[in-house]
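The residues making up each chain are set out below.
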Amino acid sequence: MDVHVRDLRYFVAVAEELSFTRAAGRLFIAQPSLSKQIRRLETSLRVALFERDHRTVTLTAAGAALLPEAQRIIRQWETAQHALAEVAAAQRATLTVGFHTRIGRGLIPNVTAKMATALPEWKLLFKQVAWSDPTAGLGGGEVDVAVAWLPVPPGFARKVVATEDRWVALPAGHRLAAREAVPLGELAEEAFIALPRAAGPLREFWLGNDRREVPARVVAEAETAEESLEAVGAGLGAVLVSEGNAQIYQRDDIVYRRVTGLPPSELAVVWRAEDGRRAVRVFVEACERCLCAG
C-alpha cells in the first residue's frame, strides 16, 4: 500500500503535538478518524510509530526516524504545489505595461526576452497612456506596471532605471537652433506646449518650472508626446524632452538642444506596492538590468 502525503501530514501533526486530541484539532478532523488513519499508516509501514497510554504519546525509534523525512517530503510537496499553481495562473496571462512616451532604449526586446526565459507563459502588452493620468495607468488599474517619468503621485513603488538631461524641442529654423546648448534663461520668453493640468507636478517638471524664476508661458496643451511634437513642428511653441527621447522622436521639422541649468529627468519602473506577483517582480528586475546596463 502506497503512503499518501495526507498520511504523512497526520503523522507529523501527532508527532509534533504528541497528542491525538491536539493534532485532531489542528487538522480539523475527529480524533477517532485520526487514530484510525495513524493505525492504517503503521499497518502499511509494518512498524509502530507511537507508544500510547492513557496520558502520554511518545515516538518510537521508527517514528523518530520518520519524522524529519516526513517533514521534508511535505515541504517539497508544498513547494511543488506552489510552483504548479503559479504555472496554472500564468497560462495565457498578460502583464500590461503603461507608458507616456515611447520607451525605446532597447528595453522592449530585451525585457521581452528575459520575461520569456523566466516566465514563458506570460505575455507583455504595452499600453500608451495620456499625460492626463500621471500614474501611467496604474491608478485606474489599466496596467500592471509602468515605465514612467518621475514625479509620479505618492503611494506607488518605484525604481529609477535611467537618468537623462533635459533637452528642448524647437521648430526647425528657430533662432536658438544654431546653439549647441541652451541656458534655461534663454527660454524665459518662449511659448511652451504643456501637459494637461491633470498631470500636476509632472506638468510643472516638463515646463522646467522647478528652476524658472517665472513660470513658463503656456500657449497650448497636449495629451501625448506625439501631439506635443506636432505642435512644435507646426511652430506653435517649444517643449522639454529627455535626452533619450530627443533621439527617439527625430523629425525633419524639429531640432533638439540640451538645456543647461536644469536637473536631469528620471525614468523609473513603477508598480503598486502591494502587488507581490512574481511576474511584476521579474519585469521590474529585468527592466532595471536592461536600462541600467545601457
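These remarks concern the structure in this document. None of these values were measured; they are calculated from a predicted model. (Residues numbered from 1 in each chain as written. Predicted model: local features only at pLDDT ≥ 70, side-chain atom pairs only at ≥ 80, totals over all residues. Heavy atoms only, no water.)

What follows covers the nonpolar core. Within the largest apolar cluster, 62 residues are counted, with the highest numbers of intra-cluster contacts made by Tyr256 and Phe283. Sorting elements by how many residues they give to this core places helix H9 (residues 278–293) first, with 7 residues. Not counting chain neighbours up to four residues away, the residues in contact with Phe283 comprise Leu95, Val97, Val111, Met115, Leu124, Val145, Val147 and Val269. Counting 19 residues, the second largest nonpolar core, distinct from the first, contains Phe11, Ala13, Leu34 and Leu67. (Core = buried A, V, L, I, M, F, W, Y, C linked by side-chain atoms within 4.5 Å. Buried < 20%, exposed > 50% of the residue type's maximum accessible area, 1.4 Å probe, protein only. Helix = DSSP H or I, 4+ residues; strand = E, 2+ residues; numbered from the N terminus. Contact = heavy atoms within 4.5 Å.)

Over its 13 residues, helix H1 (residues 5–17) extends 18 Å from the first C-alpha to the last, a length consistent with the 18 Å expected when each residue adds 1.5 Å. Looking only at H1, the buried set comprises Asp7, Leu8, Tyr10, Phe11, Val12, Ala13, Val14 and Ala15. (Expected span 1.5 Å × (residues − 1).)

With that settled, consider the pairing of strand S7 (residues 166–171). Burial analysis of S7 places 6 of its 6 residues in the buried class, which makes it a mostly covered element. Residues of S7 alternate between two faces, with Arg166, Val168 and Leu170 on one and Trp167, Ala169 and Pro171 on the opposite face, all of them buried. Strand direction decides the pairing type here: S7 and strand S11 (residues 239–242), joined by 4 bridges, are antiparallel. Note that in S11 the partner of Val168 across the bridge is Leu240. Of the pairings in the sheet, the one linking S7 to strand S12 (residues 254–260) comprises 5 bridges and is antiparallel in character. Note that in S12 the partner of Val168 across the bridge is Arg257. (Pairing = 2+ DSSP bridges.)

A few words on the sheet that holds strand S6 (residues 156–164). Strands sit in the order S4-S3-S5-S13-S6 across an open sheet of 5 strands; the sheet is mixed. If you trace the sheet from one side to the other, it starts and ends with strand S4 (123–128) and S6, each paired once. Each neighbouring strand pair of the sheet contributes to a mean axis angle of 20°, computed without reference to strand direction. (Axes fitted to C-alpha atoms, helices over the stretch in contact; angles between N-to-C directions.)

Looking now at the sheet that holds strand S8 (residues 181–183). Taken in spatial order, the 4 strands of this open sheet run S8-S12-S7-S11, and their pairing is mixed. Sheet topology places S8 and S11 at the edges, where each strand pairs with a single neighbour. Ignoring strand direction, the axes of neighbouring strands in this sheet form an average angle of 45°. With 3 bridges joining them, S8 and S12 adopt parallel strand pairing. Its bridge partner being in S12, Ala181 is matched across the sheet by Arg258.

Quick look at a positive patch on the surface now. Taken together, the side chains of Arg6, Lys36, Arg39 and Arg40 present a region of like positive charge at the surface. Sorting elements by how many residues they give to the positive patch places helix H3 (residues 31–45) first, with 3 residues. By the element assignment, Lys36 lies in helix H3. (Patch = residues over 30% accessible without salt bridge, like charges linked within 9 Å, V, L, I, M, F, W, Y side chains within 5 Å. Areas by Shrake-Rupley, 256 points an atom, 1.4 Å probe, with all protein chains shown as cover. Salt bridge = Lys/Arg side-chain N within 4 Å of Asp/Glu carboxyl O. Lys, Arg positive; Asp, Glu negative; His and termini not counted. Charge placed at Lys NZ, Arg CZ, Asp CG, Glu CD.)

Before going further, it helps to spend a moment on the pairing of strand S13 (residues 265–272). The element S13 is extensively covered by neighbouring structure, given that 7 of its 8 residues are classed as buried. As paired strands, strand S5 (residues 145–149) and S13 are joined by 5 bridges and run antiparallel to one another. The residue bridging Val145 from the neighbouring strand is Trp271, located in S13. Bridge count between S6 and S13: 8 bridges; the pairing is antiparallel. Each bridged residue has a counterpart across the sheet, and for Glu164 the counterpart in S13 is Ser265.

Note on placement: Asp144 falls in the loop between S4 and S5. Judged by relative accessible area, which is 13%, Asp144 ranks as buried. Within the structure, the side chain of Asp144 is placed 3.0 Å from the side chain of Arg277, a separation counted as a polar contact. For Asp144, the contacting residues outside a window of four places in its chain are Thr94, Leu95, Thr96, Leu138, Trp271, Arg272, Asp275, Arg277 and Val280. (Polar contact = N/O pair within 3.5 Å; in protein donor to acceptor, adjacent residues only side chain to side chain.)

We now examine the packing of aromatic side chains. Tallied over the entire structure, the rule returns 4 aromatic pairs. Plain terms: the ring middles of Trp149 and Trp206 are 5.7 Å apart, the flat faces sit at 85° to each other, and that makes the pair edge-to-face. Of this pair, Trp149 sits in strand S5 while Trp206 is found in the loop between helix H6 (201–205) and strand S10 (217–221), placing the two residues 57 residues apart along the sequence. Taking the relative accessible area as the measure of exposure, Trp149 reaches 2% and is therefore buried. (Phe/Tyr/Trp six-rings, centres within 6.5 Å; stacked < 30°, edge-to-face > 60°.)

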